[in-house]
Amino acid sequence: MQNEYLFNSKGQEAFKILDNFDVLIYISDIETYEIIYMNKFAKKIYGDNKGSICWEKFQKKPKGICSFCTNERLLNNNNEPTEVHIWEFNNQYNEKWYEVHDSAIVWNNRLVKLHMAIDISNKKRDESSLLQYITLHEIYFDISRILNRASNFELNLHEILSILGEKIDVSRVSIFINSTDMKRTKKSYQWNKQGTNLRKNISINIENIDLYKWFDITNEKRVLNVLNIKTDLPHEIAKQIDPSIVKSLLIAPIYIDKKLFGFLCFEQCDFERKWKYHEIRIIRTCSNLISEAFKRNNYENEIIDSEKRLKIANASKDKFFSIIAHDLKTPLSNIEGLAELLFINYSKWDEEKIARFIKHLHNAAKRGYNLLENLLEWARSQTGRIEWNPSRTDIKKLIIETIDIVSDNALKKQILINTENVDNKFVYIDINMITTVIRNLLSNAIKFSNIGDTIKIETKLINKKYLQVSVIDTGVGISNDDKNKLFRIDITHSTRGTSDETGTGLGLILCKEFVEKNNGKIWIESQKGKGSTFNFTIPLDFEQSVNYTKLA
């Protein structure tokens, strides 16, 4: 038998030499895949499988000829041996890396494959560590560069997420932000790998989950390592994330000023992923960097808001002194002038003329008093000296009482104030503030209405939580440009009425202040030449008054 040559004295000497190598060596028939020889090192890994079919023994779950088999590469078109084929292979049995040298040789007229595999696991670990080190520093450098540039915060954040997603090769990178009451966390920012479905508006109920404890019990220093979300997460959380889509998660908390602000999350969708140590380091460090980014953005926004408030405060101061210097001075000067004329000419004039002068004097005093009243109320509101004292109030009764205050001005212009569409509803408001609002809106409507016009006051329910009050006139109306100037203290805007009435523009600013203090909002609908409608909302009950939410 030709195979007996393998076991003669020369063959035995060759095998002894191969057995002494700490290298995995086996010989197999290229055509039949029969294992002819295995050295001691190979037997330690696979067992003695001489005489067996190689692909049946060298796979954990045999499924036919190995996909990485090199037999065909070792022969040319004439079925003759070619040069040695060198490649790298990760062994499933011991999870080590090998550099493989395969060659075809003729052994006793039989084509066989000589397979030699050298353990290069340490080399691979060194290469992997170096690659991870380089990746870490590239990520940290890129993120630091982005955070240090002056540009849009949200664009910077999305760029950071894309860098993380691409460098780590993950399906999604997301930032969840917790609600202030810590009842829900919402996916607020995300990057998606191309081909991965975008999942918007993901909001997870975390009310019954002790999040602090949840992170404290993990072994990765406050990083949650989830191989399988079905088994590694609380059921109520896994269900909301949807385990049919997301397979594995790596989550790090984001803290701002020692408060749990949200989470940075890596999502793997297409397979279960065993997260590596360097990936855990990356998410932990990046959650800290993102925390600093949010903190700095909050500070910058606070500075911008502070600058806006300062600008408004300066404008308020300028407006205040302008009104005192000019608008308040005018009625006082008129009073002084009229009083002086009356004093000088009292004995010369007849009773009719004296009565006429007294009437002018009264009107000037009234205008001055009304202006001073608005000024003082507004000044008190700016300094926080007006306290909000709400009570349950009949709105129809309040409106009718306020109409009495402005009835003289309406009578002079023969203007009717219609309250047919005012409901008997109770609201929860500060009576003095809302009285001032209605009085100012009615005074404005009278001022800009023509003689003989009708002003309507109407009310209607909004969402069964608020009452909308509307003061409607058919007067001169307001242009779009002028509408944008109303309610703003930093822009001086005052228009004379249809009977040449003057004003300061302060009344509407005061209305806005007081409506908002009562947790409502105010707005105008108007068209030049076709009249105006001033609307404001007020809450119906205490709960809505305290917990105000903006109306749609």
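Residues numbered from 1 in each chain as written. Predicted model: local features only at pLDDT ≥ 70, side-chain atom pairs only at ≥ 80, totals over all residues. Heavy atoms only, no water.

## Section: the packing of helix H12 (residues 395-412) against helix H13 (residues 431-447)
For the pair H12 and H13, the least separation of the axes is 9 Å and the interaxial angle reads 35 degrees. In this structure, H12 crosses over H13, and the sense of that crossing is right-handed. Contacts between H12 and H13 involve Leu 398, Ile 399, Thr 402, Ile 403, Ile 405, Val 406, Asn 409 and Ala 410 from the first element and Ile 431, Ile 434, Thr 435, Ile 438, Arg 439, Leu 442, Ser 443 and Ile 446 from the second. For the contact of H12 with H13, a count of residues per class yields 11 nonpolar, four polar and one charged. (Axes fitted to C-alpha atoms, helices over the stretch in contact; angles between N-to-C directions. Helix = DSSP H or I, 4+ residues; strand = E, 2+ residues; numbered from the N terminus. Left-handed = near helix turned anticlockwise from the far one by under 90°. Contact = heavy atoms within 4.5 Å. Nonpolar A, V, L, I, M, F, W, Y, C, P; charged D, E, K, R; others polar.)

## What to know about the sheet that holds strand E1 (residues 24-29)
Ordered by their spatial adjacency, five strands build an open sheet running E2-E1-E5-E4-E3, and the pairing between neighbours is antiparallel. A strand with exactly one partner marks an edge of an open sheet, and here the two such strands are strand E2 (35-38) and strand E3 (85-90). Neighbour-to-neighbour, the strand axes of the sheet open up by a mean angle of 25 degrees, direction not taken into account. (Pairing = 2+ DSSP bridges.)

## Quick word on the confidence of the model for the protein
Scored by pLDDT, the protein has a mean of 80; 81% of the residues are at 70 or more. Least confident of the elements in the protein is helix H6 (residues 211-216), whose mean pLDDT is 55; most confident is strand E16 (residues 466-473), at 94. Between residues 216-220, whose pLDDT stays under 50, and residues either more than four places distant or in other chains, the model counts six contacts. (pLDDT = per-residue confidence, 0-100.)

## Considering H12
The end-to-end C-alpha distance of H12, which contains 18 residues, comes to 26 Å, matching closely the 26 Å that a straight helix rising 1.5 Å per residue would cover. A bend of about 60 degrees at Val 406 is the largest found in H12. For H12, the full list of buried residues reads Ile 395, Leu 398, Ile 399, Thr 402, Ile 403, Val 406 and Ala 410. Two to three positions downstream of the cap, the backbone nitrogen of Lys 396 sits 3.0 Å from a side-chain oxygen, assigning the N-cap of H12 to Asp 394. Just downstream of H12 lies Gln 414, where phi reads positive at about 55 degrees. (Expected span 1.5 Å × (residues − 1). Bend = angle between axes of the 7 residues up to and from the residue. Buried < 20%, exposed > 50% of the residue type's maximum accessible area, 1.4 Å probe, protein only. Polar contact = N/O pair within 3.5 Å; in protein donor to acceptor, adjacent residues only side chain to side chain.)

## Thoughts on the pattern of salt bridges
Within this structure, the stated rule accounts for 11 salt bridges. Put simply, Asp 48 and Lys 43 hold a salt bridge, and the shortest N to O gap is 3.8 Å. One salt bridge connects Lys 187 with Glu 267, and the closest N-O pair in it is separated by 2.9 Å. Within this pair, whereas Lys 187 is found in strand E7 (residues 184-192), its partner Glu 267 is found in strand E11 (residues 259-268), the two being separated by 80 residues in sequence. Look at Lys 187 and you get buried, because its relative accessible area is 7%. Among the charged side chains, a network of salt bridges with common partners joins Asp 29, Glu 34 and Arg 110. (Salt bridge = Lys/Arg side-chain N within 4 Å of Asp/Glu carboxyl O.)

## Side note on the packing of aromatic side chains
Inspection of the entire model under this criterion finds 10 aromatic pairs. Ring geometry for Phe 68 versus Phe 89: centroids 4.7 Å apart, planes at 45 degrees, classification tilted. Of this pair, Phe 68 sits in the loop between helix H3 (54-57) and E3 while Phe 89 is found in strand E3, placing the two residues 21 residues apart along the sequence. Every member of this aromatic cluster is reached through a ring pair, and the members are Phe 153, Tyr 189, Phe 261 and Phe 294. (Phe/Tyr/Trp six-rings, centres within 6.5 Å; stacked < 30°, edge-to-face > 60°.)

## Description of the side chain of Asn 192
One can find Asn 192 in strand E7. When its relative accessible area of 17% is taken as the criterion, Asn 192 is described as buried. Here Arg 172 takes part through its side chain, which lies 3.5 Å from a polar atom of the side chain of Asn 192. The contact partners of Asn 192, leaving out residues within four places of it in the chain, are Ser 171, Arg 172, Asn 197, Leu 198 and Arg 199.

## Some points on the state of the cysteines
Per the counting criterion, the structure on display carries zero disulfides. You can see Cys 54 has no disulfide; the closest cysteine sulfur is in Cys 69, sitting 6.2 Å from it. According to the relative accessible area criterion, Cys 69 is partly exposed, its value standing at 24%. (Disulfide = S-S within 2.5 Å.)

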